[in-house]
Amino acid sequence: MNKSFLLSLLGLFLNWSYLVAQTGENVVGKNHWIESNILEEKRDIQIFIPEGYEDSPNDFPVLYLMDGQRFFLHAVSLQQSFRQYELTPGFIVVGITNQYPSRFNHFGEGKEKFLSFLKEEVIPYVEENFRVNKSKRILFGWEYGAGFAFHSLLTQPHLFDAYLLASPYPILDEVQNLDRLDSLKKVLVYAVSPDEFEINHAVDKLDSLISAKTIDGLETLELRLENEEHRSTGYATLYHGLRYYFRFYPEFQEDNLFEFLEKGGLDYAENYTMERAKRYGFPAKLSIWSKYSIIRSAIRADEFGYFQEFINRLNLESLISDLIEDQRNYAVFQILSFYYKNDQPEKAEYLLEFLNDQYPDLKIPDSVLGKLKSSE
């Protein structure tokens, strides 16, 4: 047999062996089985533990998903994306499988029994085996699962801190029961798409009641998902619902000057930071990135008056020093350039002298210095 042919076969075999050696299972979370005395059956749940759990001393929020067979992987993907961009803390994801057709009984006539299953078997199992924050339980449901979650809110509101309802059905007959409550310290997110006829009626009724009555402590977000349909509302609701629930976790950032001013400007930013500190233990002051994003919003809008107002309130010299120490020299040069652009040579010269005095080794780009010369 031709020697070169044999060598080619050997190369193919080695390459195939290498490829085989590199394959493996793609495992997301772990399956757990609960022998349920309440449901009189063995129940499958999936649990995902976030990265960093083992090395952290913290307790973790828990997201409980109805129809885990449909939404578990999506929720895990969201958790990983949120953590990458520091939009939420890490949270545990628990997917509870609800197979057809028994699903309709669990969320319908058998909902009291299924709620007992959650309360007495699932939640204790999770909290006995994992380090969790018992005051930060989130319940998500879609369609009949959302109707079940709404029933849970009305009958046993102590079980969960937040309820994310995607296309909740049927809730029309239960909505009025919310009117009996004067206090309910919970987060409620409810969503519907345009063509969900009966669900829209129920959500309209819920929205009218919430708008007309003040329920102390209740935080709500209504989502009209114009580009979704019944089968997709659950995915969008999870994204927006989790963002709303953890809305004070991200570092403050502002991109639109006029929206920022409508919300209250710097007072709004400082109040956000105080709330963030209270909920999550972050420093109770604006970060250098937060300050810069506020300044940048005025620069992008080309509004020198607001720019100068922010600069004065944040203290120019302190702001510049913080930016340089945070290795954001580009932001300093952006501020300097904006002074030149708005015919403020005295302010530009003052800042330039401060930089030369305090940071003599700082190299200012020729493109910025050229603006100074052209403004003279």
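In case you missed it, the structure is sitting above this.
Read on for a plain summary of the structure. These numbers were taken from a predicted model, which means no experiment stands behind them.

**Overview of the pairing of strand 6 (residues 162-166)**
Piece 1. Judged by how many residues are buried, strand 6 sits mostly within the fold: five of five residues are covered.
Piece 2. Covered by surrounding structure in strand 6 are Ala-162, Leu-164 and Ala-166 together with Tyr-163 and Leu-165, the residues of both alternating faces.
Piece 3. Where strand 5 (residues 132-142) and strand 6 come together, five bridges link them in parallel fashion. Paired with Ile-138 across the two strands is Ala-162, which belongs to strand 6.
Piece 4. Relative to strand 7 (residues 187-192), strand 6 is paired through five bridges, and the arrangement is parallel. Its bridge partner lying in strand 7, Leu-164 is registered against Val-189.

**Observations concerning the side chain of Asp-67**
Piece 1. Structurally, the position occupied by Asp-67 is in the loop between strand 3 (60-66) and helix 2 (68-84).
Piece 2. Aside from chain neighbours lying at most four places away, what touches Asp-67 is Ile-96, Asn-98, Arg-103, Phe-107 and Trp-142.

**A closer look at the packing of aromatic side chains**
Piece 1. Counting across every chain of the model gives 32 aromatic pairs.
Piece 2. Relative to Tyr-292, the ring of Trp-289 lies with its centre 5.6 Å away and its plane at 55°, an arrangement referred to as tilted. Placement of the pair is Trp-289 and Tyr-292 together in helix 10 (residues 288-300), with a separation of three residues, close to one helical turn.
Piece 3. By relative accessible area, which is 4% here, Tyr-292 ends up buried.
Piece 4. By the ring-pair criterion, three or more aromatic residues cluster together here, those being Phe-248, Phe-252, Phe-260, Tyr-268, Tyr-272, Tyr-306 and Phe-310.
Piece 5. When the ring centre of Tyr-53 is taken as reference, the NZ or CZ atom of Arg-131 above it lies at 4.4 Å.
Piece 6. Between Arg-276 and the ring centre of Phe-282, over which it is positioned, the NZ or CZ distance is 3.6 Å.

**Looking at the side chain of Asn-200**
Piece 1. For Asn-200, the location among the structural elements is in helix 6 (residues 197-212).
Piece 2. Side chain to side chain, Asn-200 and Arg-224 meet in a polar contact 3.2 Å long.
Piece 3. Those residues in contact with Asn-200 that sit more than four places away from it in its chain are Val-192, Ser-193, Pro-194, Asp-195 and Arg-224.

**As for the environment of Glu-120**
Piece 1. Looking at the element boundaries, Glu-120 is found in helix 4 (residues 111-129).
Piece 2. Relative accessible area serves as the criterion here: at 49%, Glu-120 is assigned to the partly exposed category.

**Quick word on the sheet that holds strand 3**
Piece 1. Here eight strands make up an open sheet; going across it, the order is 1-2-4-3-5-6-7-8 and the pairing mixed. Looking at which strands have only one partner, the edges of the open sheet turn out to be strand 1 (30-36) and strand 8 (219-224). Ignoring strand direction, the axes of neighbouring strands in this sheet form an average angle of 20°.

**Points about the environment of Lys-186**
Piece 1. Mapped onto the elements, Lys-186 comes out in the loop between strand 6 and strand 7.
Piece 2. Using a relative accessible area of 14% as the deciding quantity, one classes Lys-186 as buried.
Piece 3. Sequence-wise, Lys-186 and Val-203 are 17 residues apart; in three dimensions their C-alpha atoms are separated by 18 Å.
Piece 4. Once residues within four sequence positions are removed from consideration, Lys-186 is found in contact with Leu-153, Pro-157, His-158, Phe-160, Asp-161, Tyr-163, Gly-217, Leu-218 and Glu-219.
Piece 5. For Lys-186, the side chain forms a polar contact with the main-chain oxygen of Pro-157, separated by 2.8 Å.

**A short note on the packing of helix 11 (residues 304-314) against helix 13 (residues 329-341)**
Piece 1. Where helix 11 contacts helix 13, the axes come no closer than 11 Å and their chain directions differ by 135°. Accordingly, the angle class assigned to the pair helix 11 and helix 13 is oblique. Handedness of the helix 11/helix 13 crossing: left-handed. The residues of helix 13 that touch helix 11, namely those facing Phe-304, Phe-307, Gln-308 and Ile-311, are Ile-335, Phe-338 and Tyr-339.
Piece 2. For the contact of helix 11 with helix 13, the residue count by class is six nonpolar, one polar and no charged.

**Quick word on the nonpolar core**
Piece 1. Core analysis: the biggest nonpolar cluster contains 72 residues, and Leu-238, Leu-242, Phe-307, Ile-320 and Ile-335 have the highest contact counts within it.
Piece 2. Per-element accounting of this core gives the leading share, eight residues, to helix 13.
Piece 3. Filtering out sequence-adjacent residues up to four positions away, Leu-242 remains in contact with Leu-63, Leu-78, Phe-82, Phe-91, Ile-138, Leu-164 and Thr-237.
Piece 4. Ranked by size, the runner-up nonpolar core spans 48 residues in total, among them Ile-34, Ala-146, Leu-184 and Tyr-190.

Cut-offs and rules
Residues numbered from 1 in each chain as written. Predicted model: local features only at pLDDT ≥ 70, side-chain atom pairs only at ≥ 80, totals over all residues. Heavy atoms only, no water. Buried < 20%, exposed > 50% of the residue type's maximum accessible area, 1.4 Å probe, protein only. Helix = DSSP H or I, 4+ residues; strand = E, 2+ residues; numbered from the N terminus. Pairing = 2+ DSSP bridges. Contact = heavy atoms within 4.5 Å. Phe/Tyr/Trp six-rings, centres within 6.5 Å; stacked < 30°, edge-to-face > 60°. Lys NZ or Arg CZ within 6 Å of the ring centre and 35° of its normal. Polar contact = N/O pair within 3.5 Å; in protein donor to acceptor, adjacent residues only side chain to side chain. Axes fitted to C-alpha atoms, helices over the stretch in contact; angles between N-to-C directions. Parallel < 35°, antiparallel > 145°, perpendicular 65-115°, else oblique. Left-handed = near helix turned anticlockwise from the far one by under 90°. Nonpolar A, V, L, I, M, F, W, Y, C, P; charged D, E, K, R; others polar. Core = buried A, V, L, I, M, F, W, Y, C linked by side-chain atoms within 4.5 Å.

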